[in-house]
Amino acid sequence: VPDVLTAFSKLILLLLEVAAAVSFLHHRYEEMVQALFRVQNECPYVTRIYSIGRSVQGRHLYVLEFSDHPGIHEPLEPEFKYVGNMHGNEVLGRELLLQLSEFLCEEYRRGSERVTRLVHDTRIHIMPSMNPDGYEVAAKQGPDSIGYLTGRNNANGVDLNRNFPDLNTFMYYNGEISGPNHHIPLPDNWKSQVEPETLAVIQWISNYNFVLSANLHGGAVVANYPYDKSQDTRFRSHRRTFNTPTPDDKLFQKLAKTYSYAHGWMHRGWNCGDYFADGITNGASWYSLSKGMQDFNYLYTNCFEITLELSCNKFPPEEDLERQWMANREALVAFIEEIHQGIKGMVSDENNNGIAGAVISVQGISHDVTSGDMGDYFRLLLPGTYTVTASAEGYQSQTVTTTVGPAAPSLVHFQLKQDVVRKPPEHKTSGSRMNKALQKKVVPRATHRRTQR
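What you see is a predicted model, and the numbers here were worked out from it, not measured in a lab.

Here the focus is the overall build of the chain. Secondary structure assignment for the chain yields 12 helices and 18 strands. Relative to its 453 residues, the chain shows a buried fraction of 56%. Taking as baseline every contact in the chain between residues at least 6 positions apart, the subset at least 24 positions apart corresponds to 76%.

So, about the UniProt feature "active site" (unreviewed entry) in the chain. In the numbering used here, UniProt assigns the feature "active site" (unreviewed entry) to Glu-309. Summarising the element assignment, Glu-309 is placed in strand E10 (residues 304-311). What Glu-309 contacts, discounting residues up to four positions off in sequence, is His-217, Gly-218, Gly-219, Ala-220, Val-221, Val-222, Met-266, Trp-286 and Arg-453. Among the polar contacts listed, one links the side chain of Glu-309 to the backbone nitrogen of Gly-218, at a separation of 3.4 Å.

Looking now at the sheet that holds strand E16 (residues 398-404). With respect to topology, 4 strands assemble into an open sheet ordered E13-E12-E15-E16, the strand pairing being antiparallel. At either margin of the open sheet sits one strand with a lone partner, and together these are strand E13 (365-370) and E16. With direction set aside, neighbouring strand axes in the sheet form an average angle of 25°. Relative to strand E15 (residues 384-391), strand E12 (residues 359-362) is paired through 4 bridges, and the arrangement is antiparallel. Counted as the bridge partner of Ser-361 is Thr-389 from E15.

A separate point is helix H11 (residues 321-337). Along an α-helix, residues three or four positions apart point the same way, because every turn accommodates 3.6 residues. Between its first and last C-alpha, H11 extends 24 Å over 17 residues, near the 24 Å set by a 1.5 Å rise per residue. Those residues of H11 lying buried are Leu-321, Gln-324, Trp-325, Ala-327, Asn-328, Ala-331, Leu-332, Val-333, Ala-334, Phe-335 and Ile-336.

On to the nonpolar core. Among the nonpolar cores identified, the biggest contains 88 residues, and Ile-52, Tyr-82, Leu-100, Met-130, Trp-204, Tyr-259 and Phe-335 are the most heavily contacted of them. In this structure Ile-52 touches Leu-61, Val-63, Met-127, Ala-200, Val-201 and Trp-204, once residues within four positions along its chain are discounted. In terms of nonpolar packing, the next biggest core, distinct from the first, is built from 19 residues, Val-388, Ala-390, Ala-392 and Val-400 among them.

The predicted model of the chain averages 88 in pLDDT, with 83% of residues at 70 or higher. A low-confidence stretch, residues 11-20 (pLDDT under 50), is modelled with 3 contacts involving residues beyond four sequence positions or located in other chains. Taken together, the stretch residues 427-450 has pLDDT below 50 and engages in 35 contacts with residues farther than four places along the chain or on a different chain.

Counted according to the given criterion, the structure contains 19 salt bridges. Salt-bridge contacts for Arg-28 lead to Glu-136; the nearest nitrogen and oxygen are separated by 2.8 Å. Placement of the pair is Arg-28 in the loop between helix H1 (2-20) and helix H2 (29-42) and Glu-136 in helix H5 (residues 132-141), with a sequence separation of 108 residues. Asp-133 serves as the salt-bridge partner of Arg-59, at 2.8 Å between the closest nitrogen and oxygen. Taken together, the residues span a long stretch of sequence, with Arg-59 in the loop between strand E1 (47-54) and strand E2 (60-66) and Asp-133 in helix H5 at a distance of 74 residues. In this structure, a network of salt bridges that share partners links the residues Glu-90, Arg-152, Asp-159, Arg-162 and Lys-314.

This part is about helix H7 (residues 196-207). Relative to the 16 Å expected for 12 residues at 1.5 Å per residue, H7 spans 17 Å between its end C-alpha atoms, a close match to the ideal helical length. Taken residue by residue, H7 has Glu-197, Thr-198, Ala-200, Val-201, Ile-202, Trp-204 and Ile-205 as its buried positions.

Once that is clear, we can look at the environment of Arg-453. Relative to the helices and strands, Arg-453 resides in the segment after helix H12 (431-438). C-alpha separation for the pair Arg-453 and Asn-215, spaced 238 residues apart in sequence, amounts to 9.7 Å.

Of note, the amide linkage connecting Pro-226 to Tyr-227 takes the cis form, showing an omega dihedral of 0°. Relative to the helices and strands, Tyr-227 is located in the loop between strand E6 (220-225) and helix H8 (249-262). You will see that Cys-272, though not glycine, has its phi angle at about 60°, which is positive. Inspection of the secondary structure puts Cys-272 in the loop between strand E7 (270-271) and strand E8 (274-275). Unlike most non-glycine residues, Asn-352 shows phi in positive territory, near 65°. Mapped onto the fold, Asn-352 is located in the loop between strand E11 (343-348) and E12. You can call Asn-352 exposed: its relative accessible area is 59%.

Turning our attention to the side chain of Ser-213. Within the element layout of this structure, Ser-213 appears in strand E5 (residues 210-217). At a separation of 2.6 Å, a polar atom in the side chain of Ser-213 contacts the side chain of Glu-305. When sequence neighbours within four positions are dropped, the list of residues in contact with Ser-213 reads Phe-80, Lys-81, Cys-303, Phe-304, Glu-305, Ile-306 and Phe-335.

Conventions and cut-offs
- Residues numbered from 1 in each chain as written.
- Predicted model: local features only at pLDDT ≥ 70, side-chain atom pairs only at ≥ 80, totals over all residues.
- Heavy atoms only, no water.
- Helix = DSSP H or I, 4+ residues; strand = E, 2+ residues; numbered from the N terminus.
- Buried < 20%, exposed > 50% of the residue type's maximum accessible area, 1.4 Å probe, protein only.
- Contact = heavy atoms within 4.5 Å.
- UniProt positions renumbered as here; feature names shortened; annotations may be inferred.
- Polar contact = N/O pair within 3.5 Å; in protein donor to acceptor, adjacent residues only side chain to side chain.
- Pairing = 2+ DSSP bridges.
- Axes fitted to C-alpha atoms, helices over the stretch in contact; angles between N-to-C directions.
- Expected span 1.5 Å × (residues − 1).
- Core = buried A, V, L, I, M, F, W, Y, C linked by side-chain atoms within 4.5 Å.
- pLDDT = per-residue confidence, 0-100.
- Salt bridge = Lys/Arg side-chain N within 4 Å of Asp/Glu carboxyl O.

Here is the structure:
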């Protein structure tokens, strides 16, 4: 009898574990929230749930964090994020991020060396839905309807991926006048021009020093990297394309290929009637997109973000969800691991106090990053030898040469001496004055192609 009871108890535990797992079903808002809190309950010591704000209709924009010290930024530990369901009717990313959350929890609990190392060395933030209001509209319509755009926008009818401040125009103009190439200031009236969901995300990425990110979409199968907005105004239409690379173009191509080649079929190129070599594309080379989240991350923060188009069908049937998860599982994990490359270190003063906001410049790459509140910085780089300079107001700059390998990031610390010679403050063009100079230069968004990021 004891043996029978033991076997029965094991069966009950197994059934409970299966029941607790995220099912391959479409999750409405309440079900999504329950799934997130279930994962947090299963892995309470390495997870945290927080909300970055609310949607137009009052739904929380929840984030699930994985870390060995949830809620705390540890110096030299990089911050990563996934954002799904920005377009309410593009739902696969939402389901994949719920599956990924469950997978990371399960693998951590069973002692997986790979996932344990990832959770201990990375602070991972997962937002399954940036547009929960739009999702509910799309879900009511159902996956078999022909309404291709129903639920795409938020409750105010705004496309959230055309709603971020347009920093590309400033950046292209700055290139002509040798202005800043990073952390471009926002227009004075930016808050009045964005939706609640967009505002919440901008405040979120301002408060966390994110290093790497991906934004999950649907309607195509390709890894899309910046810039999304074409620099050449003659090509800002759906009929003409113009490759517009960032200063980190080769790095972005490598990041995109990491996902596409770890994916079940993205790398093959032919998907959804389109062909993309290696399953990747420069955004503007595909079609020009203004006010997108991907370019905004790169130009306003330290974060390198790509956009992942993951399915031909924006709202795939439930019977296809497991196949899609198996095709994306390795890619989702491998892409997080890409955050551990390049260089990182501390920028401190002579008393070993961290210096926040120090500028890290790499010779030959005209895009800088800055140190976080604790003085730590992260600069993604491909293998090679680089000349790197750290500078901060009131301190003497320091320049070093370092070699980056193909594996873990190289540790490069800077200790800056106080600048005893006071220089007169340099005149900087204010955001408002720059806005006025550029008002006549802004080009309206052209008509979109069938598949819209």
